[in-house]
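Here are the chains, one letter per residue:
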Amino acid sequence: MALPSLGRAQYHTWHSPAYTLGRGGIRGFFECRADFGFGVDSLPDWAKPTIQKMIDKGLLGGSGDKDENGRYTTEGLVKAVTDTVVEIQIFKTGSGFVPTSQGSGIIISENGYIVTNAHVVNDATLGIRVVLQDGAVYDAVVIGRDEKTDIAVIKINAANLNFAAFADSSGVSLGEDVVAIGAPAGFANSVTKGIVSGLNREIAAQNGDIKMECLQLDAAINPGSSGGAVFNMYGQVIAISSSKLASSSYDGIGFAITTNAAKPIIESLIEHGYVTGRIRIGITFYGVSDEMAASAKVEMKPGLYVVSIDEECDIANTALEPDDVITHINGAEVKSLDDVKDLLEDAAPGDEVTASVFRPALSGSGETFEIKFKLMEDNSGLVNAS
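Given the structure is predicted, the values throughout are model-derived calculations rather than measurements.

1. Looking at the overall build of the protein
Along its length, the protein carries seven helices and 22 strands. When the 386 residues of the protein are sorted by exposure, 46% land in the buried category. Counting only contacts in the protein whose residues sit at least 6 apart along the sequence, the fraction spanning at least 24 positions is 62%. A total accessible area of about 18,100 Å² is found for the protein, and carbon and sulfur atoms account for 48% of it.

Structure (structure tokens):
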């Protein structure tokens, strides 16, 4: 499923949000036609009920919600898009059917797909409940989650929902005004405003190993805000609220995953249940540095010290054993996870790899040999059906 998109955000003309199917887009569609003297009757039949409802609520028709350039006021933006952000309640086994944690999510389709952070839903052993802005409550299921990037997609059984539109985050400017909407500490529909205080921040999720492009914000992002939306002043989502920098030495620093970084992850989770195209070797290991190897009580070489081997992976069919040390992959030295990631950045599942292995011995010299194996696809985010 392709996400609703407005393309590259046009930050110097208000017409950029005019043609999308979410509330902000229907509003823009109507207002664009109104500029040329068209009214509700001139709209397509599918748009008339929504537009009339918005007029009745004062969301259209001389409400003063936009400036001369088409940028929403904060109040106007909140009225237009708040119902695209939800509260997510997490229930764990043994919790007595009381929510044990909560987070936020963004509605991305009219039939109930919602994007959030993976850490929000990871502990939902009993269930997930979604609360919409109007108080409606739905049970949710996890479609896919990716702990490496801290992105997850859940779904509720609903129809005709208003949903957010994603902008091309490459158009975001330093110092640009933004509005963050979420449910910090369980306070649903909370709104904070700030600016983009940093661009292109490469941040890895807690317990994750993939750095994601993030925006640095001074808008408050607290526990419970995770998974909420960061909007530009045209009502477009430009980022997904993520981890706040946890340190008593810093204040007013938050991070949000850009839409451009998140979009392919979200689409793969919806289509496949996991992020396709990623590889895995099939071992757990820790890096052995030159200093560690020199200080070992037995002959040791720097490399990847193998702790365990996944029997489902092709590498399990080689002579490799736990306590061996992989010193080279495809002829290049490897001593850390970063070395492996850099070396295999362009590799694909099914590619054959050659590795040099050193097997330490309790006494005497160790043994060196080579192995060949195929890389496997990493579908670790796949949710097992129950």
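2. Considering the packing of aromatic side chains
Counted according to the given criterion, the structure contains one aromatic pair. The positively charged end of Lys 66 is found above the aromatic ring belonging to Tyr 72, 4.8 Å away from the centroid. A cation sits over an aromatic face here: Lys 155 above Tyr 113, 5.3 Å from the ring centre.

3. With respect to the sheet that holds strand S2 (residues 85-91)
Here six strands make up a closed barrel; going around it, the order is S2-S3-S4-S7-S6-S5 and the pairing antiparallel. Along the sheet, successive strands turn relative to each other by an average axial angle of 40 degrees, direction set aside. Where strand S6 (residues 137-146) lies against strand S7 (residues 151-156), six bridges are found, and the strand directions are antiparallel. When the bridges of S7 are listed, Arg 145 appears paired with Ala 152.

4. As for the pattern of salt bridges
Applying the stated rule across the entire model yields nine salt bridges. Note that Arg 359 is salt-bridged to Glu 321, the shortest N-O span being 3.9 Å. Of this pair, Arg 359 sits in strand S20 (residues 352-359) while Glu 321 sits in the loop between strand S17 (303-309) and strand S18 (325-329), placing them 38 residues apart in sequence. Salt bridges sharing partners connect three or more residues here, namely Asp 290, Glu 333 and Lys 335.

5. Quick word on the environment of Ile 238
Mapped onto the elements, Ile 238 comes out in strand S13 (residues 237-244). Owing to a relative accessible area of 0%, Ile 238 belongs among the buried residues under this scheme. Separated by 67 residues in sequence, Ile 238 and Gly 171 have C-alpha atoms that sit 9.1 Å apart.

6. Some words on helix H3 (residues 74-81)
Three or more residues of H3 are buried, namely Gly 76, Leu 77, Ala 80 and Val 81. The arc that holds the buried residues of H3, viewed along the axis, is 105 degrees, so those residues lie on one side.

7. With respect to the nonpolar core
Counting residues in each nonpolar core, the largest one holds 32 residues, and the members touching the most others are Ile 106, Ile 108, Val 115, Ile 151, Phe 231 and Ile 266. It is helix H5 (residues 259-272) that contributes the most residues to this core, six residues altogether. Those residues within four positions of Phe 231 in sequence are excluded, and the remaining contacts are Leu 77, Val 81, Thr 84, Val 85, Asp 177, Val 178, Val 179, Ile 181, Gln 236, Val 237 and Ile 238.

8. Digging into unusual backbone geometry
With a phi angle near 60 degrees, Asn 189 is a residue other than glycine that sits in the positive phi range. Turning to its location among the elements, Asn 189 is positioned in the loop between strand S9 (177-182) and strand S10 (190-204). A relative accessible area of 34% means that Asn 189 is categorised as partly exposed.

9. Overview of H5
Look at H5: 19 Å from first C-alpha to last across 14 residues, which is about the 20 Å you get at 1.5 Å a residue. Turning to H5, its buried residues are Thr 259, Ala 261, Ala 262, Ile 265, Ile 266, Ser 268, Leu 269 and Ile 270.

10. Looking at a negative patch on the surface
A cluster of acidic residues, Asp 338, Asp 342, Glu 345 and Asp 346, forms a negative patch at the surface. Here Asp 346 shows up in the loop between helix H7 (337-343) and S20.

11. Quick notes on the pairing of S7
A large share of S7 lies buried, amounting to five of its six residues. Pairing analysis gives four bridges linking strand S4 (residues 113-116) to S7, with the strands arranged antiparallel. Bridging from a neighbouring strand, Thr 116 pairs with Ala 152 of S7. The hairpin formed by S6 and S7 contains four residues between the paired strands, and Asp 150 there has a positive phi angle of roughly 65 degrees.

12. So, the environment of Glu 299
Tracing the sequence through the fold places Glu 299 in the loop between helix H6 (290-295) and S17. You can call Glu 299 partly exposed: its relative accessible area is 35%. Excluding its chain neighbours within four sequence positions, the residues that come into contact with Glu 299 are Phe 358, Pro 360, Gly 364, Ser 365 and Gly 366. Looking at Glu 299, its side chain comes within polar contact range of the main-chain nitrogen of Gly 366, at 2.9 Å.

13. Observations regarding the confidence of the model for the protein
Averaged over the protein, the pLDDT score is 82; the fraction of residues at 70 or greater is 78%. Under a pLDDT of 50 for its full length, residues 6-38 has, in the predicted model, 93 contacts with residues more than four places off or in other chains. Note on residues 244-248: pLDDT under 50 across the span, and eight contacts to partners over four residues away in sequence or across chains.

So, how was this worked out
- Residues numbered from 1 in each chain as written.
- Predicted model: local features only at pLDDT ≥ 70, side-chain atom pairs only at ≥ 80, totals over all residues.
- Heavy atoms only, no water.
- Helix = DSSP H or I, 4+ residues; strand = E, 2+ residues; numbered from the N terminus.
- Buried < 20%, exposed > 50% of the residue type's maximum accessible area, 1.4 Å probe, protein only.
- Contact = heavy atoms within 4.5 Å.
- Areas by Shrake-Rupley, 256 points an atom, 1.4 Å probe, with all protein chains shown as cover.
- Phe/Tyr/Trp six-rings, centres within 6.5 Å; stacked < 30°, edge-to-face > 60°.
- Lys NZ or Arg CZ within 6 Å of the ring centre and 35° of its normal.
- Pairing = 2+ DSSP bridges.
- Axes fitted to C-alpha atoms, helices over the stretch in contact; angles between N-to-C directions.
- Salt bridge = Lys/Arg side-chain N within 4 Å of Asp/Glu carboxyl O.
- Arc of directions from axis to C-beta.
- Core = buried A, V, L, I, M, F, W, Y, C linked by side-chain atoms within 4.5 Å.
- Expected span 1.5 Å × (residues − 1).
- Patch = residues over 30% accessible without salt bridge, like charges linked within 9 Å, V, L, I, M, F, W, Y side chains within 5 Å.
- Lys, Arg positive; Asp, Glu negative; His and termini not counted.
- Charge placed at Lys NZ, Arg CZ, Asp CG, Glu CD.
- Polar contact = N/O pair within 3.5 Å; in protein donor to acceptor, adjacent residues only side chain to side chain.
- pLDDT = per-residue confidence, 0-100.

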